[in-house]
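Okay, here's what each chain looks like letter by letter:
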Amino acid sequence: MKERQYREDAGGIRDSQGRLIDYLRVSVTDRCNLRCIYCMPEEGVEWRAHEDMLSFEELLRCCRVMAAMGIQKIKVTGGEPLVRRGTAGFIAALKALPGIRQVTLTTNGLLLEGELEGLRAAGLDGVNISLDSLEGETFRRITRRDGHEGILRVIRRAAAAGLLVKVNCVPLRGINDHELAAIAGLAREEVAAVRFIELMPLGKAFSYEPLTGEEIAAILERRYGKLNPFAGKLGNGPARYYSAEGFSGVIGFISPLSRCFCESCNRFRLTSQGVLKPCLSSGIGVDLRAPLRSGADDGVLREAVADAAARKPAQHTFLAPAGTEDAESRPREMFRIGG
Ligand code: SAM
Ligand code: SF4
């Protein structure tokens, strides 16, 4: 019999490398109200049929099974999670699952204002708001839509409402790199953290050039002085945090290419179609939808989760040269996987 690769008694799922998987990103939709140039095509996206998407009940069942196996923290994402009606109710249900200690949300912020109260009432533990530009023209160039002012407003409102707010920014060379210091400035007094995420070469992102964490740090130090490593704990992920003189919040760097963190990767991703993906850069995925819809019991779902753990690659393949099998098998559509 195949050796089980998870250990419930250890408080988490162990993958084949011995890494503890206790964090799940759940995508509730592949639809979005922006069209960020590095994430989605401008036109011609083929939406998956509604019936192919897992219902909230089905997503919840997957999460309940994984929580019993050791998942403790869940991030709700998309596409844009707030375009799906009922996301706040789903978050409340996740919060009630035995074993789940934290539920957070990643959003582009466009629809957040109207949802703030519901999300707070649902018990949301924090929100990551993506914002790549503070300027109307650059924001439009990146997202192909308007809306930066509303997002800035809701960032302030969410923080004032007591939510833990982090801002995520993807620096793009020659596009928004002139305003990274201004974006970092939101951590002076407005938000708990501003994080700069290195652009990963998936799908549309191939056309754009990332900045490394080191380059961004140099830009910020020219404006704000020395960045000092932040010793406190913030979040579940791979961000390295720094504080700057006069800042109440911190500045984070998530640098999968220039500072690979696969060794300590603790996450799975569940797509809105019900595919459990052990690694963002790989085509590997385990289908949970078929067993869910064929009346399988929880044991079958646990086997599928264990299979995903056993097949989690040791390292991402983002640096594999174009044309190689590793590069060719990379997923092309970040918005379908959930970032
Ligand atoms: N729509 C929501 C949002 O924008 O926050 C949630 C989904 S989005 C896919 C999650 C995050 O992934 C966003 O912060 C986005 O900037 C980031 N992202 C998308 N494509 C990326 C890429 N190729 N490399 C790095 N980050 C990317
Ligand atoms: Fe939509 Fe988020 Fe992708 Fe932008 S990054 S297109 S907001 S899913």
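Residues numbered from 1 in each chain as written. Chains lettered and ligands numbered in written order. Predicted model: local features only at pLDDT ≥ 70, side-chain atom pairs only at ≥ 80, totals over all residues. Heavy atoms only, no water.

Novice: Can you tell me about the sheet that holds strand E14 (residues 286–287), naming the residues and giving the values?
Specialist: Sheets are built from strands that pair by backbone hydrogen bonding, the pairs being arranged parallel or antiparallel. With mixed pairing, 12 strands are arranged side by side in an open sheet as E9-E10-E11-E8-E7-E6-E5-E4-E3-E12-E13-E14. Lying at the two open borders of the sheet, with one neighbouring strand each, are strand E9 (228–229) and E14. With 4 bridges joining them, strand E6 (residues 126–130) and strand E7 (residues 165–169) adopt parallel strand pairing. Residue Ile 129 lies in a different strand from E7, and its bridge partner there is Val 167. On top of the sheet, helix H2 (residues 87–95) reaches strand E3 (23–27), strand E4 (73–77) and strand E5 (102–107); it is set at about 170 degrees to E4, its chief contact. (Pairing = 2+ DSSP bridges. Helix = DSSP H or I, 4+ residues; strand = E, 2+ residues; numbered from the N terminus. Contact = heavy atoms within 4.5 Å. Axes fitted to C-alpha atoms, helices over the stretch in contact; angles between N-to-C directions.)

Novice: Account for the confidence of the model for the protein, naming residues and giving values.
Specialist: Of all residues in the protein, 96% attain a pLDDT of 70 or more, and the chain-wide mean is 92. Low confidence marks residues 1–7, where pLDDT is under 50. Its contacts with residues over four positions away, or in another chain, come to 15 contacts. (pLDDT = per-residue confidence, 0-100.)

Novice: Any chance you could break down the site of ligand 1 for me, citing the residues and the numbers?
Specialist: Near ligand 1 lie 18 residues; those nearest to it are Tyr 38, Gly 79, Thr 106, Ser 130 and Met 200. Note that an oxygen atom of ligand 1 is positioned 2.8 Å from one of the side-chain N or O atoms of Tyr 38. Within the complex, 94% of the 540 Å² of free accessible area of ligand 1 lies under protein. Looking at the shell around ligand 1 residue by residue, the classes come out as 7 nonpolar, 9 polar and 2 charged. (Near = heavy atom within 4 Å. Polar contact = N/O pair within 3.5 Å; in protein donor to acceptor, adjacent residues only side chain to side chain. Areas by Shrake-Rupley, 256 points an atom, 1.4 Å probe, with all protein chains shown as cover. Nonpolar A, V, L, I, M, F, W, Y, C, P; charged D, E, K, R; others polar.)

Novice: Mind laying out the site of ligand 2, listing which residues take part and the relevant values?
Specialist: Contacts to ligand 2 come from Cys 32, Leu 34, Cys 36, Cys 39, Met 40, Gly 79 and Asn 108. Looking at the shell around ligand 2 residue by residue, the classes come out as 5 nonpolar, 2 polar and no charged.

Novice: Lay out the environment of Asn 266 in plain terms, naming residues and giving numbers.
Specialist: If you trace the backbone, Asn 266 turns up in the loop between strand E11 (250–254) and strand E12 (267–270). Relative accessible area serves as the criterion here: at 12%, Asn 266 is assigned to the buried category. In this structure the C-alpha to C-alpha distance between Asn 266 and Arg 19, which are 247 residues apart in sequence, comes to 6.6 Å. (Buried < 20%, exposed > 50% of the residue type's maximum accessible area, 1.4 Å probe, protein only.)

Novice: How would you sum up helix H8 (residues 213–224)? Please name residues and give values.
Specialist: In a regular helix each residue adds 1.5 Å, so 12 residues correspond to 16 Å; H8 covers 16 Å between its end C-alpha atoms and thus fits that length. Those residues of H8 that are buried are in contact with helix H6 (180–184), helix H7 (186–189), strand E8 (193–197) and E11. (Expected span 1.5 Å × (residues − 1).)

Novice: Outline the packing of aromatic side chains, supporting the account with residue identities and numerical values.
Specialist: Summed over the entire model, instances satisfying the criterion amount to 4 aromatic pairs. Plain terms: the ring middles of Phe 56 and Phe 90 are 4.9 Å apart, the flat faces sit at 25 degrees to each other, and that makes the pair stacked. Placement of the pair is Phe 56 in helix H1 (residues 56–69) and Phe 90 in helix H2, with a sequence separation of 34 residues. There is no split in this pair, since Phe 56 and Phe 90 are both buried. An aromatic cluster of at least three residues, connected via ring pairs, comprises Phe 196, Tyr 242 and Phe 253. (Phe/Tyr/Trp six-rings, centres within 6.5 Å; stacked < 30°, edge-to-face > 60°.)

Novice: Which residues make up unusual backbone geometry, and what values do they have?
Specialist: Located in the positive-phi region is Arg 144, a residue other than glycine, with phi close to 60 degrees. Along the polypeptide, Arg 144 turns up in the loop between helix H4 (136–143) and helix H5 (148–160). Take Arg 144: its relative accessible area is 23%, and that puts it in the partly exposed class.

Novice: Any chance you could break down a nonpolar patch on the surface for me, citing the residues and the numbers?
Specialist: On the surface, Val 83, Leu 110 and Leu 111 cluster together into a nonpolar patch covering about 200 Å² of accessible area. In this fold, Leu 110 is placed in the loop between E5 and helix H3 (112–122). On the basis of relative accessible area, Leu 110 is assigned to the partly exposed category, the value being 31%. (Patch = residues over 30% accessible without salt bridge, like charges linked within 9 Å, V, L, I, M, F, W, Y side chains within 5 Å. Salt bridge = Lys/Arg side-chain N within 4 Å of Asp/Glu carboxyl O.)

Novice: Residue-level account of the pairing of E8, with values.
Specialist: In terms of burial, E8 is a largely internal element, 5 of the 5 residues being buried. Of the two faces of E8, both are covered, the one formed by Ala 193, Arg 195 and Ile 197 as well as the one formed by Val 194 and Phe 196. Bridge analysis of E8 against E11 gives 5 bridges, and the strand direction is parallel. If you follow Arg 195 over to E11, its bridge partner there is Gly 252.

Novice: So, the pairing of E12: which residues are in play, and what are the values?
Specialist: Burial of E12 is two-sided: the residues Arg 267 and Arg 269 facing one way and the residues Phe 268 and Leu 270 facing the other way are all buried. Relative to E12, E3 is paired through 4 bridges, and the arrangement is parallel. Paired with Tyr 23 across the bridge in E12 is Arg 267. Note: E12 against strand E13 (residues 275–277), 2 bridges, orientation antiparallel. Along E13, the bridge assignment pairs Arg 269 with Lys 277. Once E12 ends, the chain turns through 4 residues before running back antiparallel as E13, passing Gly 274 with a positive phi of about 90 degrees.

Novice: Help me get a handle on the packing of H2 against H3, residues and values and all.
Specialist: Following both chains from N to C, one finds H2 and H3 inclined at 10 degrees, their axes separated by 8 Å at the closest point. Viewed along their axes, H2 and H3 adopt a mutual orientation that is roughly parallel. Crossing angle aside, the handedness with which H2 passes H3 is right-handed. Where H2 approaches H3, its residues Ala 88, Ile 91, Ala 92 and Lys 95 are matched on the opposing element by Glu 115, Gly 118, Leu 119 and Ala 122. Taken together, the residues that form the contact of H2 with H3 break down as 5 nonpolar, 1 polar and 2 charged. (Parallel < 35°, antiparallel > 145°, perpendicular 65-115°, else oblique. Left-handed = near helix turned anticlockwise from the far one by under 90°.)

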